[in-house]
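Remarks on the overall topology
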Amino acid sequence: LRTHFLRTKFRTMKAFIFSLLFVSFASLAQDEPAGVRFFEGTFRQAMAKAKKENKGIMFDAYTTWCGPCKVLKSKVFPNPELGAYINENYISIGVDMEAGEGPALANMYPVKGYPTILFLDASGKIKKEILGLPQGGAKELLGVAKKVK
């Protein structure tokens with residue numbers, strides 16, 4: 001009886017440790033995305049953060065119906081090399097130009113099409129505008145970001 005009790009306790013403990021390890025590794029894999037990290041907040045808050053951290057702003061102006069915007073989000077922004085540089089030097093914000101604060105920002109920054117990526121200084125002044133999906137993908141966007149800074 002005592003042996004059965006110890007075996008059951010050992011199995012329970014083994015299952016608990018395995019579960020703990022699995023959860024730990026799963027959370028490690030989700031901690032930091034490899035690509036561009038986007039600021040969660042308002043445009044004004046992003047500007048304040050950029051000023052405080054002495055960074056520029058990368059402003060992704062998109063719409064939900066825009067096909068090239070979806071490609072930019074799924075194929076270009078996840079690039080690790082692009083993410084490393086952008087995250088170090090810019091506060092990135094993505095704004096749906098047809099929802100939330102998007103229409104008001106469209107008055108401040110009238111874009112000619114989607115997607116449009118604006119590189120701004122911390123005060124909101126446009127330093128560089130990229131209209132459409134960069135044909136050279138992440139490599140092209142990285143080159144532009146480096147020249148702007």
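See the structure printed just above.
What comes next concerns the included structure. All values reported here derive from a predicted model rather than from experimental measurement. (Residues numbered from 1 in each chain as written. Predicted model: local features only at pLDDT ≥ 70, side-chain atom pairs only at ≥ 80, totals over all residues. Heavy atoms only, no water.)

Now for the state of the cysteines. Applying the stated criterion across every chain, the model contains one disulfide. Paired by a disulfide, Cys66 and Cys69 hold their sulfur atoms 2.3 Å apart. Classification of the bridge connecting Cys66 and Cys69 rests on its S-S torsion, roughly 85 degrees, and on that basis the disulfide is right-handed. The pair formed by Cys66 and Cys69 is uniform in burial state, with each residue classed as buried. (Disulfide = S-S within 2.5 Å. Buried < 20%, exposed > 50% of the residue type's maximum accessible area, 1.4 Å probe, protein only.)

Another point: the packing of aromatic side chains. For the coordinates displayed, the defined rule picks out six aromatic pairs. Seen in terms of ring centroids, Phe43 and Tyr109 are 5.8 Å apart; in terms of plane orientation they differ by 70 degrees. Their pairing is edge-to-face. With Phe43 in helix H2 (residues 43–53) and Tyr109 in the loop between helix H5 (102–108) and strand E3 (116–120), the pair connects residues that are 66 residues apart, well separated along the chain. We note that Phe43, like Tyr109, is buried. Pairing Trp65 with Tyr114 gives two aromatic rings, centres 6.1 Å apart and planes at 90 degrees, and the pair type is edge-to-face. Taken together, the residues span a long stretch of sequence, with Trp65 in the loop between strand E1 (56–62) and helix H3 (67–76) and Tyr114 in the loop between H5 and E3 at a distance of 49 residues. Among the aromatic side chains, those forming a connected cluster through ring pairs are Phe43, Phe59 and Tyr109. (Phe/Tyr/Trp six-rings, centres within 6.5 Å; stacked < 30°, edge-to-face > 60°. Helix = DSSP H or I, 4+ residues; strand = E, 2+ residues; numbered from the N terminus.)

Within strand E2 (residues 90–96), six of the seven residues are buried, which leaves it mostly tucked inside the rest of the structure. Summarising the sheet, E1 and E2 pair through seven bridges and their orientation is parallel. When the bridges of E2 are listed, Met58 appears paired with Ser92. (Pairing = 2+ DSSP bridges.)

Turning next to the nonpolar core. Formed by 18 residues in total, the largest nonpolar core has its most connected members in Leu82 and Phe119. Where this core is concerned, the elements lending two or more residues are H3, helix H4 (80–89), E3 and helix H6 (137–148). Sorting elements by how many residues they give to this core places H6 first, with six residues. In this structure, Ile91, Ile93, Val111 and Leu120 belong to the second largest nonpolar core, which totals 17 residues. (Core = buried A, V, L, I, M, F, W, Y, C linked by side-chain atoms within 4.5 Å.)

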